[in-house]
Amino acid sequence: MNQKKYMLLCLLVLVIISSVNGQKKVVWLHGLQGDQTPSTWDMYQTHFTSTNGQVVKYASVFNSVKSAAASLTNEKINPSNQDIILVGHSMGGLVSRSMLPNNSKIKGLISAGSPNQGSNLIANAINGKVFNVFETGVSKSSVAIDKSLTAAVFCAPPVSTIAAPVALGLNAFKNTALVGLGVAKSVIGDAISVYTTITPCTQDLLPSSSYVKESQSQYINVPYLNIYGAEDYWQVVRIAGSFLNMDKVKKAENMDVSYDESCFPTMYSALSITSQIQTAHNDVYQALVYPAIVMPWIWATRELVLSARYDWDGVYRYLETDMHNNFASMVGANAYELRSYCVEEWVEDDNLPLLERVSGKIISPSQPTTGHWERVCHTSYVPVTLEHDGILTSKAVIVPESKGMKIMNVRVPHVNHQEMGNQIEMRKIFEKAYNSDQYGQIFNLLK
Amino acid sequence: MKKINEYLTAILETQINRLLLLVSVIFSLTLSSCNNNILDNSNSKIEKGDVAIEIFSHIQSANRTEFINKNKHSDFISDKVLSLVSSNKQAMMRLNKIGANEIDTIVSLEEIPIYKETITATKIYSSGIMESEIQDVTPDDMNPINSFTANPLPIESTIKKTIIEGGMIKSYSGIGELIHSESYVGQNMKQFLDTVKYYVALSEESQEKKQMNSESQLNKIKKQKMPAGAKIIELSNGNVVLEQFIETNKNTASFSIKGSSERLRTRTELNPEMTKTIKFEILQGEQLFERRTYFYSENKLLKNSKYAVNLPNENPEVVKSEVLVFNRQGVPMIKTTQERYLRNQMIFHF
């Protein structure tokens with residue numbers, strides 16, 4: 001090698017070394033249970049060399065946030081002693097914040113779905129209330145099934161043959177909604193099982209913990225991009241879908257695939273079949289009038305069929321609306337607001353007490369009844385459901401932008417807590433955070 | 001950690017499995033002992049035949065579950081109920097509440113009524129094949145509850161129509177798109193059809209005989225063998241009350257107050273001709289559990305085709321129902337359902 005070529009090679013090496021040293025390294029921190037293998041986060045390592053990025057693991061479950069942070073020394077996560085940007089998902093974001101005071105090489109923070117204000121879901125997992133959401137669904141369904149069975153007195157013809165459409169619907173419901181609720185409870189239960197145990201980590205994540213209180217006054221002295229997911233309707237169904245498909249989510253080839261709607265067919269199935277059951281009850285109710293005229297003891301059975309239908313109305317309502325609001329309240333995504341609202345109520349045209357009207361004293365049963373639906377308005381404090389990602393509310397993630405701190409809270413729609421960090425939208429945000437100035441000063445500083 | 005996970009999962013699965021097993025056992029017993037004829041309803045290959053029965057309904061309804069109030073629900077309040085109410089602060093506050101205009105706090109969204117309007121049509125063919133269509137025609141802005149959430153279910157994800165046909169159940173969204181489809185193991189309705197036909201004929205015959213001989217329906221019923229413990233009471237206005245006990249599954253009994261061993265009984269008040277229900281109640285001892293009252297009108301869409309001429313059978317126009325239920329904390333509440341039927345009738349083609 002001649003001297004000129006040797007000089008050129010040395011210059012190239014110097015340029016490479018200086019550029020590497022000037023580049024910030026991205027250090028990725030998983031959330032609770034992310035240290036288990038395989039982890040969703042393992043796939044990230046394939047994108048980095050040892051100098052531009054690293055996924056680090058820490059014992060998450062039986063560690064407090066601070067002790068987890070203490071275990072992640074600069075020597076361990078940053079052997080090349082570069083400037084680093086920490087990217088943390090969920091609990092990893094809190095660990096990142098706790099690492100800040102002890103590592104001067106940290107030049108920026110990015111966190112996604114981190115419970116900066118604590119997690120209500122953990123509190124409700126520890127006290128067991130979260131499972132009531134599914135148990136209530138199972139209980140309402142069981143009551144409705146019980147009423148249908150009581151009503152149909154299936155084994156006594158002619159009711160048994162006339163009630164056949166109801167039996168059919170109940171059987172289908174058992175195979176869809178009831179199994180679906182059981183699976184949801186099991187999947188969510190499995191996913192958050194660690195929360196149900198009081199460990200140093202879960203204690204730290206409680207909204208009332210001393211860790212959370214202390215972190216409120218932490219001065220974050222580096223630019224901080226704080227991302228929170230905003231999932232659409234039926235968040236519990238979406239999060240259950242992601243949890244149910246965790247084995248697929250963890251595979252690198254599925255990095256940009258969303259599984260959050262994979263449980264929607266079960267919900268639709270449950271609702272469709274419940275509709276069919278409601279209709280079947282009404283059909284049976286109508287048809288039973290004929291045997292009842294011949295055998296009047298069937299009148300009561302017929303009435304029990306209608307009672308059962310009202311319970312199925314309640315099951316439909318729970319599956320479509322109330323269950324999701326109840327789950328939101330477990331996440332802490334509810335607040336009381338004073339609202340004026342109007343609802344439809346049936347009002348008789350005269351104001352006679354109902355019992356007098358039907359006793360036959362005031363009007364005979366064959367007389368026409370006049371009445372109308374009236375919009376009756378109320379003003380009440382009502383529980384409203386706030387935005388959440390299936391595990392955390394937006395409010396629990398957002399860090400108030402205090403004076404002097406460079407904090408940007410970014411909302412990412414259509415992403416649930418579990419998807420965060422491995423879905424395409426989130427990766428775009430990370431990439432923008434690192435490579436562009438789209439979000440202004442924060443990202444410029446992070447670059 | 002893995003062990004903890006496995007352990008907890010096992011516990012949860014056991015609970016779910018217990019429930020599913022219980023339900024499965026009930027269903028297996030029910031279905032096998034009744035010898036119902038369940039078929040894979042890949043009915044397209046079978047000749048449907050002519051339409052034998054059509055069942056139509058158009059229902060407007062509102063339902064809610066509210067705390068017990070002395071003014072509105074006095075008949076449901078017993079000492080036992082009162083003691084259960086007094087164990088809950090919110091329930092106690094509502095017990096004596098007067099007037100709807102006071103500002104209060106809704107504890108559970110179930111307290112807010114949901115209004116629903118549904119149109120259904122069921123066709124049963126002479127072969128026993130059944131088809132049905134269920135349409136949710138509730139106007140979009142009718143339910144304030146939908147505005148109480150940051151992200152309500154959008155119209156394109158809401159089921160607005162369900163069709164059961166050709167061994168499939170299909171659901172369509174508010175914008176008419178197919179959003180769900182699955183095979184639906186249909187049941188051949190031949191037995192249903194034959195039974196209804198038989199009793200329609202029998203009830204017509206009984207009505208004809210009744211017109212020919214002057215013996216009242218009540219006297220005829222009195223001669224029939226009555227279920228054990230059953231009673232017939234004739235009221236001064238001519239209405240007839242039938243009282244009888246009902247059997248419930250002890251393992252999953254949905255009615256009754258804890259600790260009470262008295263049997264449940266029904267009280268059905270019928271018109272003097274005993275062709276329609278005026279009032280229905282379920283009681284345990286003297287404790288009222290359920291009360292339903294009926295209102296009738298001359299709307300022809302509420303009369304079945306076999307009774308379109310002189311016979312008085314008709315379906316109600318308005319049904320008001322109140323049921324004593326217990327929430328998860330064991331607090332007694334009243335589930336109210338109000339329904340108005342714009343149409344409710346069976347059309348027979350035989």
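These figures come from a predicted structure and were not determined experimentally.

Draft legend 1. The arrangement of the pairing of strand E1 (residues 51-67) of chain B in detail. Residues and elements named next belong to chain B. Most of E1 is tucked away, with 16 of its 17 residues classed as buried. The pairing of E1 with strand E3 (residues 114-125) spans twelve bridges and is antiparallel. Its bridge partner lying in E3, Ile53 is registered against Ile124. Here E1 runs beside strand E14 (residues 332-348); their pairing, made up of 15 bridges, is antiparallel. Bridging across to E14, Ile59 finds its partner in Tyr341.

Draft legend 2. Structural context of the packing of helix H8 (residues 164-191) of chain A against helix H15 (residues 298-331) of chain A. All names here are of chain A. For the pair H8 and H15, interaxial distance at closest approach is 14 Å and the crossing angle is 30°. Judged by the inter-axis angle, H8 sits roughly parallel to H15. As for how H8 packs across H15, the hand of that crossing is left-handed. Residues Leu170, Phe173 and Leu181 of H8 pack against Trp312, Val315, Leu319 and Met323 of H15. Considering only residue class, the contact of H8 with H15 consists of seven nonpolar, no polar and no charged.

Draft legend 3. Molecular detail of the confidence of the model for chain A. All names here are of chain A. Confidence in the prediction for chain A averages 80 pLDDT; 83% of positions are at 70 or higher. Every residue in residues 1-21 is under pLDDT 50, and counting partners more than four places away or in other chains gives four contacts. Low confidence marks residues 351-368, where pLDDT is under 50. Its contacts with residues over four positions away, or in another chain, come to 38 contacts.

Draft legend 4. Region of interest: the sheet that holds strand E3 (residues 84-89) of chain A. Residue and element names in this part refer to chain A. Sheet architecture is open: six strands sit in the order E2-E1-E3-E4-E5-E8, paired in parallel fashion. Each end of this open sheet is capped by a strand with a single partner; those strands are strand E2 (53-56) and strand E8 (407-413). Going from strand to strand, the sheet's axes swing by 15° on average, the running direction of each strand aside. Two elements, E3 and strand E4 (residues 106-112), share six bridges in a ladder whose sense is parallel. Paired with Ile85 across the strands is Gly108, a residue of E4. With respect to the sheet, helix H4 (residues 91-99) is in contact with strand E1 (25-29), E3, E4 and strand E5 (224-230), its orientation differing from that of E3 by roughly 145°.

Draft legend 5. Focus on the nonpolar core. Ranked by size, the top nonpolar core spans 157 residues in total, and within it Val95(A), Met99(A), Phe173(A) and Ile53(B) carry the most contacts. Ranked by residue count, the leading element in this core is H15(A), at 16 residues. Shared between two domains, this core takes at least three residues from each, and those domains are domain 1 (12-117 + 205-249 + 387-443) and domain 2 (123-193 + 265-330) of chain A. By size, the runner-up hydrophobic cluster in this structure holds 17 residues, among which are Ile110(A), Ala112(A), Val410(A) and Met426(A).

Draft legend 6. Structural context of the packing of H8(A) against helix H11 (residues 235-244) of chain A. Residue and element names in this part refer to chain A. The geometry of H8 relative to H11 is characterised by a closest axis approach of 9 Å and an angle of 65° between their N-to-C directions. Here H11 runs roughly perpendicular to H8, going by the angle between their axes. As H8 packs across H11, the resulting crossing turns out to be left-handed. Contacts from Val183, Val187, Ile188 and Ala191 in H8 reach Val236, Ile239, Ala240, Phe243 and Leu244 in H11. Here the residues of the contact of H8 with H11 sort into nine nonpolar, no polar and no charged.

Draft legend 7. Up close: the interface of chain B and chain A. Contact residues are listed per partner, giving 149 residues for chain B and 121 residues for chain A. Around 11300 Å² of area is buried between chain B and chain A when both sides are counted, 62% of it from carbon and sulfur atoms. On inspection of chain B and its partner chain A, the count reaches six salt bridges. Between Arg64(B) and Glu345(A) there is a salt bridge, and its shortest N-O distance comes to 3.2 Å. Remark: the boundary between chain B and chain A carries 38 residue pairs in polar contact (both at pLDDT 80 or more).

Draft legend 8. Structural view of the pairing of strand E8 (residues 231-234) of chain B. Residue and element names in this part refer to chain B. Judged from the four bridges that link them, E8 and strand E9 (residues 240-245) form a sheet pairing that is antiparallel. Along E9, the bridge assignment pairs Lys231 with Glu243. Linkage of E8 to E9, two consecutive antiparallel strands, is achieved through a turn of five residues, within which Gly238 is found at a positive phi near 95°.

Draft legend 9. Spatial organisation of the state of the cysteines. Residues and elements named next belong to chain A. Here the structure, examined in full by the defined rule, presents one disulfide over all chains. The disulfide partner of Cys342 is Cys377, and the gap between their sulfur atoms is 1.9 Å. For the disulfide bridge between Cys342 and Cys377, the dihedral angle about the S-S bond is near 95°, and by the sign convention the bridge is right-handed. A residue pair is termed long-range when its members are at least 10 positions apart, and Cys342 in strand E6 (residues 334-348) and Cys377 in strand E7 (residues 371-385) qualify at 35 residues. Exposure remark for Cys377: the relative accessible area of 42% places this residue in the partly exposed category.

Calculation rules
- Residues numbered from 1 in each chain as written.
- Chains lettered and ligands numbered in written order.
- Predicted model: local features only at pLDDT ≥ 70, side-chain atom pairs only at ≥ 80, totals over all residues.
- Heavy atoms only, no water.
- Buried < 20%, exposed > 50% of the residue type's maximum accessible area, 1.4 Å probe, protein only.
- Helix = DSSP H or I, 4+ residues; strand = E, 2+ residues; numbered from the N terminus.
- Pairing = 2+ DSSP bridges.
- Axes fitted to C-alpha atoms, helices over the stretch in contact; angles between N-to-C directions.
- Parallel < 35°, antiparallel > 145°, perpendicular 65-115°, else oblique.
- Left-handed = near helix turned anticlockwise from the far one by under 90°.
- Contact = heavy atoms within 4.5 Å.
- Nonpolar A, V, L, I, M, F, W, Y, C, P; charged D, E, K, R; others polar.
- pLDDT = per-residue confidence, 0-100.
- Core = buried A, V, L, I, M, F, W, Y, C linked by side-chain atoms within 4.5 Å.
- Domains from an automatic or database assignment.
- Buried area = accessible area lost by both parts, 1.4 Å probe.
- Salt bridge = Lys/Arg side-chain N within 4 Å of Asp/Glu carboxyl O.
- Polar contact = N/O pair within 3.5 Å; in protein donor to acceptor, adjacent residues only side chain to side chain.
- Disulfide = S-S within 2.5 Å.

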